[in-house]
Amino acid sequence: MKNNKFLIINADDLGMSSEFNQAICCLMTQGIVSSTSLMANGRAYEEAIRNIRELNLKDIGVHLTLTCDGFENKNKITYSSVTHSSSLEDKDGVLYCSQHDFAGNASDEDIVNEIYSQIMKIKDDGIEFTHIDNHMYSVIHYLGFRGYKCFYKTLHRLKINRKIGFRHALRKYDIDGVRSVYPGRKIQPYAWAMNLFFHLRCPDYVFTIPYASPRSESVEQKCDLLNTLFSNIKSGVSELHVHPAVFSEELRKRNPTWKDRVNEYEALKCYSKELLMDKYGITLISYADML
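Just so you know, the residues in each chain are numbered from 1, in the order the chain's sequence is written. Owing to the predicted nature of the model, reporting of local features is limited to residues with pLDDT of at least 70; listing and counting of side-chain atom pairs is limited to 80 or more, with chain, interface and lining totals taken over all residues. Excluded from the side-chain calculation are hydrogens and water; included are all heavy atoms of the structure.

Draft legend 1. Just the pairing of strand E8 (residues 205–208), in detail. Burial along E8 is two-sided: the face carrying Tyr205 and Phe207 and the face carrying Val206 and Thr208 are both buried. Of the pairings in the sheet, the one linking strand E6 (residues 179–180) to E8 comprises two bridges and is antiparallel in character. For Arg179, the partnering residue across the bridge sits in E8 and is Thr208. At least two DSSP bridges between two strands are required for those strands to pair. A run of H or I in DSSP becomes a helix once it reaches four residues, and a run of E becomes a strand once it reaches two; helices and strands are each numbered from the N terminus. Sheet topology places E8 next to strand E9 (residues 236–242); four bridges connect them, and they run parallel. Each residue of the ladder has a partner; that of Tyr205, found in E9, is Ser238. A crossover connection joins E8 to the parallel E9 through helix H7 (residues 219–232); in handedness this β-α-β unit is right-handed. Accessibility here uses a 1.4 Å probe with only protein chains present; expressed as a share of the type maximum, an area under 20% marks a residue as buried, one over 50% as exposed, and anything in between as partly exposed. Here, the term right-handed applies to a crossover whose path from the first strand over the helix to the second runs clockwise when the strands point away from the viewer.

Draft legend 2. Local environment of the packing of helix H1 (residues 18–30) against helix H2 (residues 45–55). Between the N-to-C directions of two axes lies an angle of 0 to 180 degrees, each axis being a line fitted to C-alpha atoms and, for a helix, fitted only over the stretch in contact. Closest axis-to-axis distance for the H1/H2 pair is 10 Å, and the angle between their directions is 20 degrees. It follows from the interaxial angle that H1 and H2 lie roughly parallel. The crossing of H1 and H2 is right-handed. Facing Ser18, Asn21, Cys25 and Thr29 of H1, the residues of H2 in contact are Glu47, Ala48, Asn51 and Leu55. Under the grouping applied here, Gly and all other residues not named as nonpolar or charged are polar, the nonpolar ones being Ala, Val, Leu, Ile, Met, Phe, Trp, Tyr, Cys and Pro and the charged ones Asp, Glu, Lys and Arg. The residue makeup of the contact of H1 with H2, split by class, is three nonpolar, four polar and one charged. Our angle categories are set so that under 35 degrees counts as roughly parallel, over 145 as roughly antiparallel, 65 to 115 as roughly perpendicular, and the remainder as oblique. Each helix crossing is assigned a hand: it is left-handed if the near helix lies turned anticlockwise from the far helix by less than a right angle, otherwise right-handed if that turn is clockwise. Here, two residues are considered to be in contact whenever any of their heavy atoms come within 4.5 Å of each other.

Draft legend 3. Up close: the pairing of strand E4 (residues 131–134). Alternating residues of E4 divide into His131 and Asp133 and Ile132 and Asn134, and every residue in both groups is buried. With two bridges connecting them, E4 and strand E5 (residues 164–166) associate as parallel partners. Pairing of His131 across the sheet is with Gly165, part of E5. Running through helix H5 (residues 145–158), the crossover from E4 to the neighbouring parallel element E5 is right-handed.

Draft legend 4. Spatial organisation of empty space enclosed by the protein. A cavity here means a set of 1 Å grid points, computed over protein atoms only, where a 1.4 Å probe fits but cannot escape. A pocket is an open set with protein on both sides within 12 Å along at least 5 of 7 lines, and lining residues have an atom within 4 Å of a point. Grid points are joined across faces, edges and corners, and a volume is the space filled by probe spheres set on the points. In the structure shown here, the tally under the stated rule is two cavities of 30 Å³ or more. The volume enclosed by the largest cavity comes to roughly 100 Å³. Lining the largest cavity are 15 residues, and of these Tyr137, Ile140, His141, Arg167 and His168 lie nearest its centre. Take the lining of the largest cavity: its biggest share by element is three residues, from E4. In terms of residue class, the lining of the largest cavity is built from 10 nonpolar, three polar and two charged. Taken as a whole, the second largest cavity encloses approximately 30 Å³ of empty space. Forming the boundary of the second largest cavity are Leu155, Ile160, Ile164, Phe198 and Leu200. Within the lining of the second largest cavity, the residues separate by chemical class into five nonpolar, no polar and no charged.

Draft legend 5. Expanded view of the nonpolar core. The criterion is simple. A nonpolar core is a set of buried Ala, Val, Leu, Ile, Met, Phe, Trp, Tyr and Cys residues joined through side-chain atoms within 4.5 Å. In terms of nonpolar packing, the biggest core is built from 85 residues, with Ile111 and Phe230 touching the most fellow members. Beyond its immediate chain neighbours, meaning those up to four positions away, Phe230 contacts Leu7, Ile9, Tyr271, Leu276, Tyr280 and Ile282. Grouped together as the second largest cluster of nonpolar side chains are six residues, Ile8, Val237, Tyr287 and Met290 included.

If you want it as structure tokens, here you go:
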């Protein structure tokens, strides 16, 4: 894979709400989204499981969710921990919305138990997950070495005896207008050794489209950013994680970034894996293709 351009387009937040489930299932069926990540504690988790079975969707990952979205919105979608651990939740029994509050209150033991429980819940529901990533980067990579140690400690407890994908960028590469997600050089020697030990397969580069940006306020602008990304992909394996949703009045009321998500959904519908190959020389793959 080193001499060619390979791209994983992963849709995060499957199970967050019906609007997310509908958009992700549509894009996966269309073939432009190559994998998705499932929230074990999402409001629409059971619906997502039904969708996966009914549509026979493959390439499902675990979207570890230990924080809510940090929106200043009283009606926003919130989640609780699977373990209902006191150090992970606020006085209302809801996950912290601030990464700072999460870092300051969560104990390492509760983090490990929650990661373990979320993965096991998805596994017990019959999903042979292909990869693992983290909502809002709350543990990986916001907590730095502490977060990675909690994650690897959980993998040791799980005793997974097969290769899985892991959202950890091996290199940093900046593309104008696109967010590069990179944990920093200091963590790399430790992560490299642990990823090798646990048979984790990581992309070379990781990107996402920023929200609340004046450069991505319309479907056309989203398409421009996607074109910029696709035109500048390097040889190797890149991952773009997206957050599409279909429009509803409920989504408008509960998610201040609804327009970004809906525009992202509409923009992605303009593409296909054939277009990626013909126009940009990119082969669309999933995490399963790396294993």
